[in-house]
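Summary of structural features
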Amino acid sequence: MKRLRRIRDLMTGRMDSALTEALLGQLEATKEGAWLAMAMIGGEVGRTGAHEQMRAIEHLGDEERRRLVEELRSALVTPIDREDLFRLSRSIDDVLDSLRDFVRESHLYRVPDQIRFSPLLDQVISGIDALENAVRDLASRPSAVVHDALEAKKTGGAIRRMYQYEISRIFSGELTAEAMKERELVRRLEIVGVAIGDAADAIADGAMKR
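Parameters and conventions
Residues numbered from 1 in each chain as written. Predicted model: local features only at pLDDT ≥ 70, side-chain atom pairs only at ≥ 80, totals over all residues. Heavy atoms only, no water. Helix = DSSP H or I, 4+ residues; strand = E, 2+ residues; numbered from the N terminus. Buried < 20%, exposed > 50% of the residue type's maximum accessible area, 1.4 Å probe, protein only. Contact = heavy atoms within 4.5 Å. Core = buried A, V, L, I, M, F, W, Y, C linked by side-chain atoms within 4.5 Å. Phe/Tyr/Trp six-rings, centres within 6.5 Å; stacked < 30°, edge-to-face > 60°. Lys NZ or Arg CZ within 6 Å of the ring centre and 35° of its normal. Salt bridge = Lys/Arg side-chain N within 4 Å of Asp/Glu carboxyl O. pLDDT = per-residue confidence, 0-100. Axes fitted to C-alpha atoms, helices over the stretch in contact; angles between N-to-C directions. Parallel < 35°, antiparallel > 145°, perpendicular 65-115°, else oblique. Left-handed = near helix turned anticlockwise from the far one by under 90°. Nonpolar A, V, L, I, M, F, W, Y, C, P; charged D, E, K, R; others polar.

The name recorded for the chain in an unreviewed UniProt entry is DUF47 family protein, from Nonomuraea muscovyensis.

Written out as structure tokens, the structure reads:
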């Protein structure tokens, strides 16, 4: 019976749907984490409260990643190679983990005037949006996946450039303890950008192999 159910799912496309839904669940949690970070630097949410909320968001992301791994174990067919799906999921997880670290370190370091990080977080949210589009297009518009992935890759590059300008600004002044704390927070967002780029590469590689 189990084998018959798998064949039925294969014929109806439900396995592709289960995998993409798990990825979209991961991305939804990741975007929620990015918006929480934005609310924190804007003063809408306190640092302590953001730190606590991020733990719950991270748990949601971990649950969706676990669901994807379970689906991969039993799937007879996947929208792209299993290895690329796993890479994509892992990179999305890295984005959320780094956002968690950004919020945690903000809570610990108490750096003032964090609103200046909003342009970087804007790009993070844009990158997550582009990854969501790419995952949705896996089933409905496979030809659009590479374009979506390139858009996500561009945001990763934009974050890298913003990071470089921020580092230049920090290093042009006195290297106080506060300046080094700020440098660590900017570096955390740069790592988020790298992870977005890695996720874009994973889904683009998978789409090109189809």
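**Here's the deal with the side chain of Asp 137**
Along the chain, Asp 137 turns up in helix 5 (residues 118–140). Its relative accessible area of 8% is what places Asp 137 among the buried residues. When residues no more than four places from it in sequence are discounted, the contact partners of Asp 137 are Pro 142, Ala 144, Val 145 and Asp 148.

**Some thoughts on the nonpolar core**
Judged by nonpolar contacts, the single largest core of 60 residues is most densely connected at Leu 88, Leu 99, Phe 102, Leu 121, Val 124, Ile 196 and Ile 203. Every element with two or more residues in this core is listed here: helix 2 (14–41), helix 3 (47–74), helix 4 (82–109), helix 5, helix 6 (145–171) and helix 7 (177–209). It is helix 7 that provides the largest number of residues to this core, a total of 13 residues. Not counting residues up to four positions away in its chain, the partners in contact with Phe 102 are Ala 37, Met 40, Ile 41, Phe 117, Leu 121, Leu 185, Arg 188 and Leu 189.

**Remarks on the environment of Arg 169**
You can see Arg 169 is positioned in helix 6. Arg 169 gets classed as partly exposed once you look at its relative accessible area, which sits at 29%. Between the alpha carbons of Arg 169 and Arg 183 there is a distance of 9.9 Å; along the sequence they are 14 residues apart. Discounting residues that sit within four places of it in the chain, Arg 169 has contacts with Arg 116 and Glu 182.

**Points about the packing of aromatic side chains**
Here the structure, examined in full by the defined rule, presents one aromatic pair. Seen in terms of ring centroids, Phe 102 and Phe 117 are 5.9 Å apart; in terms of plane orientation they differ by 75 degrees. Their pairing is edge-to-face. Of this pair, Phe 102 sits in helix 4 while Phe 117 sits in the loop between helix 4 and helix 5, and the two are 15 residues apart along the sequence. Taken as a pair, Phe 102 and Phe 117 share a single burial class, namely buried. Of note, Arg 65 hangs over the ring of Phe 86, and the distance from its end group to the ring centre comes to 4.8 Å.

**Considerations on the pattern of salt bridges**
Following the criterion strictly, the structure yields 24 salt bridges and no others. Its salt-bridge partner being Asp 84, residue Arg 87 comes within 3.0 Å of it at the nearest N-O pair. Within this pair, Arg 87 and its partner Asp 84 are both found in helix 4, separated by three residues, close to a single helical turn. Among the charged side chains, a salt-bridge network with shared partners connects Glu 58, Asp 97, Arg 100, Asp 101, Arg 104, Glu 105 and Arg 188.

**Thoughts on the confidence of the model for the chain**
On average, residues of the chain carry a pLDDT of 89, and 91% of them reach 70 or more. When mean pLDDT is compared element by element in the chain, helix 6 scores highest at 95, while helix 1 (residues 2–12) scores lowest at 42. Here residues 1–15 scores under 50 on pLDDT; set against residues more than four positions off or in separate chains, the count is 13 contacts.

**Some points on the packing of helix 5 against helix 6**
To characterise two packed helices, one gives the angle between the axes of the helices and the distance between these axes. Where helix 5 contacts helix 6, the axes come no closer than 8 Å and their chain directions differ by 165 degrees. When the interaxial angle is binned, helix 5 and helix 6 end up roughly antiparallel. In this structure, helix 5 meets helix 6 at a crossing whose hand is left-handed. Within the contact between the two elements, helix 5 uses Pro 119, Leu 120, Gln 123, Val 124, Ser 126, Gly 127, Ala 130, Leu 131, Asn 133, Ala 134, Asp 137 and Leu 138 and helix 6 uses Val 145, Asp 148, Ala 149, Glu 151, Ala 152, Thr 155, Ala 158, Ile 159, Met 162, Tyr 163 and Glu 166. Residues belonging to the contact of helix 5 with helix 6 are distributed by class as follows: 14 nonpolar, five polar and four charged.

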